[in-house]
Amino acid sequence: MRRIHVGNALSAFGLGFTVPYLYVYVAQVRGLGAMTAGLVLAVFAVAALIVLPFAGRAIVRRGPLPVLLAALVTAAAGALSLGLAGNAAAVLGAAALLGAGQAVMQPALATMIVECSSAETRSRAFATQFFLQNLGLGVGGLIGGHLVDTTRVSSFTLLFAIEAAMFVLLAVVMSTVRTPHSPRIADAPAAAAKGGWRQLLENRAMVQLSVLGFVLFFACYGQFESGLSAYGVEAAGISTSALGTALAANTLMIVVAQFAVLKFVERRRRSRVIAGVGLIWAVAWVVAGYAGLGHGSKEMATAAFVSTYALFGLGEAMLSPTVAPLVADLAPTGMAGQYNSAFALVKQLALAVGPAVGGPLGAALPTPYIVTFLLFSLGISVLAIRLGKRLTTAQDHPWLAARSRVVARGGAASESVSA
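Enquirer: Explain the packing of aromatic side chains residue by residue, including any values.
Expert: For any pair of aromatic rings, the description consists of the separation of the ring centres together with the inter-plane angle of the planes. As enumerated under the stated definition, the model contains 16 aromatic pairs in all. Here a set of aromatic residues connected by ring pairs shows up, and it is made of Phe214, Phe218, Tyr231, Trp281, Trp285, Phe312, Tyr369, Phe373 and Phe376.

Enquirer: Residue-level account of the packing of helix H5 (residues 88–115) against helix H7 (residues 153–174), with values.
Expert: Two elements in contact, H5 and H7, have axes separated by 14 Å at closest approach and are oriented at 30°. Regarding the angle of H5 to H7, the classification is roughly parallel. In this structure, H5 crosses over H7, and the sense of that crossing is left-handed. Within the contact between the two elements, H5 uses Leu98, Gln102, Met105, Leu109 and Met112 and H7 uses Glu163, Phe167 and Met174. Here the contact of H5 with H7 is built from residues that sort into six nonpolar, one polar and one charged.

Enquirer: Quick rundown of the confidence of the model for the protein chain? Include the residues and the values.
Expert: Per-residue pLDDT for the protein chain has a mean of 83; in total, 91% of the residues score no lower than 70. This model gives residues 183–193 a pLDDT under 50, and the stretch forms 16 contacts once residues within four places in sequence are excluded. Of the regions scoring below 50 in pLDDT, residues 412–419 engages in zero contacts with residues more than four places distant in sequence or in other chains.

Enquirer: Describe the packing of helix H15 (residues 336–364) against helix H16 (residues 366–388), listing the residues and the values that go with them.
Expert: Running from N to C, H15 and H16 cross one another at 130°; their axes reach a closest spacing of 6 Å. Of the possible angle classes, the one that applies to H15 and H16 is oblique. Every residue of H16 that contacts H15 at Gly358, Leu361, Gly362 and Ala364 is listed here: Pro366, Tyr369 and Thr372. Counted by class, the contact of H15 with H16 contains four nonpolar, three polar and no charged residues.

Rules behind the numbers
- Residues numbered from 1 in each chain as written.
- Predicted model: local features only at pLDDT ≥ 70, side-chain atom pairs only at ≥ 80, totals over all residues.
- Heavy atoms only, no water.
- Phe/Tyr/Trp six-rings, centres within 6.5 Å; stacked < 30°, edge-to-face > 60°.
- Axes fitted to C-alpha atoms, helices over the stretch in contact; angles between N-to-C directions.
- Helix = DSSP H or I, 4+ residues; strand = E, 2+ residues; numbered from the N terminus.
- Parallel < 35°, antiparallel > 145°, perpendicular 65-115°, else oblique.
- Left-handed = near helix turned anticlockwise from the far one by under 90°.
- Contact = heavy atoms within 4.5 Å.
- Nonpolar A, V, L, I, M, F, W, Y, C, P; charged D, E, K, R; others polar.
- pLDDT = per-residue confidence, 0-100.

Next up, the structure:
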């Protein structure tokens, strides 16, 4: 588990070097224009949507480690090619490789975490993963910002080379991991994959969680760098430096709050925690509304906008030990890879649709934008409460289920001694 967490941190550190500067690199440094830069971002999403349905089957049949290693090699090739690409076709091809590799990493690593954890330790394991991812992204972005120079293509080539090196290093670290044995469907016929998807779709709780996940990612993550930033600049008059401060506040809140809220979250029903996140995000959208639609000073608007991102970070810290473990607990034995890939596919769909809807709406229609996503956040709470009615105690409240098992074992022991 420690090696898996180190690997997560390395991959996030590598991504942090390039993600904030990808648009500038393609549009300005390579001189390929805003249209090509936009297509690159779209290619990332499309590549993920294409490979994820197949990733789940591969993880189930072969195990997460071989799939992860293949994804890392693909991502490393894509990152290095992107740093060397000089024309639109080469840039788009490299982006497809990088996007496909990154997309498959997520469910493969999540499945490895599931195999190396128990129901009692899974929430803490996923919380640690999320903490290290954000820390790695923040540190990588900070260092990358000091290395990059828009007047020198070579500085960007260096960034992408570092990212590729991180993926290779992660592959080396992961190749030493030996996960506990878990069931594989190595000799399953081709129809088994279809059966796996059919079985997943017949799982009403998983379908409801997927719908809830789409709303979660659409209403939060899908707005960070598109709708909410456009709203802040256009409606609230937020400067680009203040926008950077808001993003930093989000990361700082996650890093500071992650383990502070973990003990609180672990002891409560997961559905109620998710419902609470919906309410916190509803407050965040109200604060964002004040920033852009209120009549306070520019300083007050900036403070409100930064607070919005911090509130989103608090909700994210509560979700990380909640949603991913719930996906794992809903999966039948041996099917964790399929379920993780399906949920990653839902996330990618939300991240593709979110900016397309939120960006124009946040820039042109600020009031409808705030009202729309305020309602989406309240909808999260409603969907979470409905989901809770379909979950067993072990799925919704594992801490209570674990205590019940301990008490039962203790009682049995006492009776044995008395006898």
